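# Chains, contacts and geometry: an overview
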Amino acid sequence: MRLLITNDDGILAHGIECLCLAAEPLGEVTIVAPDREQSATSHSLTLHHPLRPIKRGERRWQVDGTPTDCVMLAIEALMPERPDFVLSGINHGQNMGEDVLYSGTVAAAMEGLSLGVPSIAVSFAGGDLRADVSQLKQQVSVLTPLLRRLTSLPSFPPNTLFNVNLPPLPAHEVKGVKITRLGRRVYSQSVAPMKDPWGREIYWIGGGSISWSGEPDSDFRAIQDGYVSVTPLHLDLTHYDVLQGAANWWHDL
Ligand code: MN
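All of the points below concern the structure found in this document. (Residues numbered from 1 in each chain as written. Predicted model: local features only at pLDDT ≥ 70, side-chain atom pairs only at ≥ 80, totals over all residues. Heavy atoms only, no water.)

### Overview of the overall build of the protein
Helix and strand counts for the protein stand at seven helices and 13 strands. For the protein, whose C-alpha radius of gyration is 19 Å, the value lies close to the compact-globule estimate of 18 Å for 253 residues. Considered along the principal axes of its C-alpha atoms, the protein spans approximately 60 × 55 × 45 Å. The buried share of the protein, reckoned over its 253 residues, is 46%. Considering only contacts in the protein between residues 6 or more positions apart, those separated by 24 or more positions represent 75%. When the accessible area of the protein is evaluated, it comes to approximately 13500 Å², of which 54% is carbon and sulfur surface. Treating the 20 positive side-chain charges of the protein as one cloud and the 28 negative ones as another, the clouds have centres 5 Å apart. (Helix = DSSP H or I, 4+ residues; strand = E, 2+ residues; numbered from the N terminus. Rg over C-alpha atoms; globule rule 2.2 N^0.38 Å. Buried < 20%, exposed > 50% of the residue type's maximum accessible area, 1.4 Å probe, protein only. Contact = heavy atoms within 4.5 Å. Areas by Shrake-Rupley, 256 points an atom, 1.4 Å probe, with all protein chains shown as cover. Lys, Arg positive; Asp, Glu negative; His and termini not counted. Charge placed at Lys NZ, Arg CZ, Asp CG, Glu CD.)

### Brief notes about the layout of surface pockets
A probe as big as a water molecule, rolled over the atoms, marks out the empty space that is left. By volume, the largest pocket is sized at about 690 Å³. As for the largest pocket, its lining consists of 25 residues, and the residues nearest its centre are Ser39, Ala40, Gln94, Asp99 and Tyr187. Among the secondary structure elements, those contributing two or more residues to the lining of the largest pocket are strand E5 (85–92), helix H3 (99–102) and strand E9 (184–188). Looking at the lining of the largest pocket residue by residue, the classes come out as six nonpolar, 14 polar and five charged. The volume enclosed by the second largest pocket comes to roughly 320 Å³. Every residue lining the second largest pocket is listed: Val100, Leu101, Met110, Leu182, Leu233, His234, Leu235, Asp236 and Leu237. Class assignment of the residues belonging to the lining of the second largest pocket gives a composition of seven nonpolar, one polar and one charged. (1 Å grid on protein atoms, 1.4 Å probe; cavity = no way out; pocket = protein on both sides within 12 Å on 5 of 7 lines; lining within 4 Å. Points joined across faces, edges and corners; volume = space filled by probe spheres on them. Nonpolar A, V, L, I, M, F, W, Y, C, P; charged D, E, K, R; others polar.)

### Focus on the pairing of strand E1 (residues 2–6)
Counted residue by residue, E1 has four buried out of five residues, so it is predominantly covered. Of the pairings in the sheet, the one linking E1 to strand E2 (residues 28–34) comprises four bridges and is parallel in character. Paired with Ile5 across the strands is Ile31, a residue of E2. Considered for its hand, the β-α-β crossover made up of E1, helix H1 (residues 14–23) and E2 is right-handed. Across four bridges, E1 lies against E5 in parallel orientation. The partner of Leu3 across the bridge, within E5, is Phe85. (Pairing = 2+ DSSP bridges. Right-handed = clockwise from strand over helix to strand, strands pointing away.)

### Description of the coordination of the manganese ion
Surrounding the manganese ion are the protein donor atoms Asp8 (OD), Asp9 (OD), Ser39 (OG) and Asn91 (OD1), which sit 2.1 to 2.2 Å from the metal. Summarised as a motif, the one-chain spacing of the donors to the manganese ion is D-D-x29-S-x51-N. Here Asn91 lies in strand E5 and Ser39 lies in the loop between E2 and strand E3 (54–57), a separation of 52 residues in the sequence. You can call Ser39 partly exposed: its relative accessible area is 30%. (Donors = N, O, S within 2.8 Å, 3.2 Å for Na, K, Ca; no water.)

### Examining the nonpolar core
Counting residues in hydrophobic clusters, the biggest one holds 34 residues, and the most contacted among them are Leu87, Ile90, Ile120, Leu143, Val164 and Leu166. Going through the elements one at a time, E1, H1, E2, E5, strand E6 (119–124), helix H5 (129–150), strand E7 (161–166) and strand E13 (228–233) are the ones with two or more residues in this core. By residue number, the principal contributor to this core is H5, which donates seven residues. With residues near it in sequence (within four places) discarded, Ile120 still touches Val86, Leu87, Ser88, Ala109, Leu147, Leu150, Thr151, Phe156, Phe162 and Val164. Counting residues in each nonpolar core, the second largest holds 14 residues, with Val32, Val63, Cys70 and Met79 among its members. (Core = buried A, V, L, I, M, F, W, Y, C linked by side-chain atoms within 4.5 Å.)

Written out as structure tokens, the structure reads:
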């Protein structure tokens, strides 16, 4: 089995190292990852300058681009054969609810899926990675059996990516795996006004407090209860309920 691994925290991040350790027992790993932090770049593609991949070892490339660039470059140019799966992560921080719309980690899996490769995004729902890095490393033992299961399903569901979040717990305290739906999260006071060194008004997006709501089967609830959350996602954003109700909106036009 050929596995393409990427992330949005950059090729030097602890998380991608852990994902490689978790995936290596399953097959041949190729890493194509950004050369620097690309979190919250979503599904952006670099069109206005060329990309320059630098080989960092056997089947290991760093790219001066986004996670989406990395997946596209890997599949269409760098890998001699197409991967069987794209794995993205382990992201330093959760990707639950609306986070998936901003996340470079999830976008890399979306790009894999767009190119016809089954894909899995993995995030660690720890807050402060400097404090939680030992817990992040312990997730390898949780992740290997989960990835083995997901990559050997009798039939990987078509047009689907899995969004996996790992709870910030020591491995032996993880209670199990739950299949979930996306919950809702609310950031408040996430735009911080401040002054630049010349006293001019500037704003920094980030920080603030995060609250969430979600059904008992939501990703947030699973993580809060100490489970690994696995949410199946697809790329079709069509709102089907509205589509049905809207069929007669233009009858009299
Ligand atoms: Mn990230």
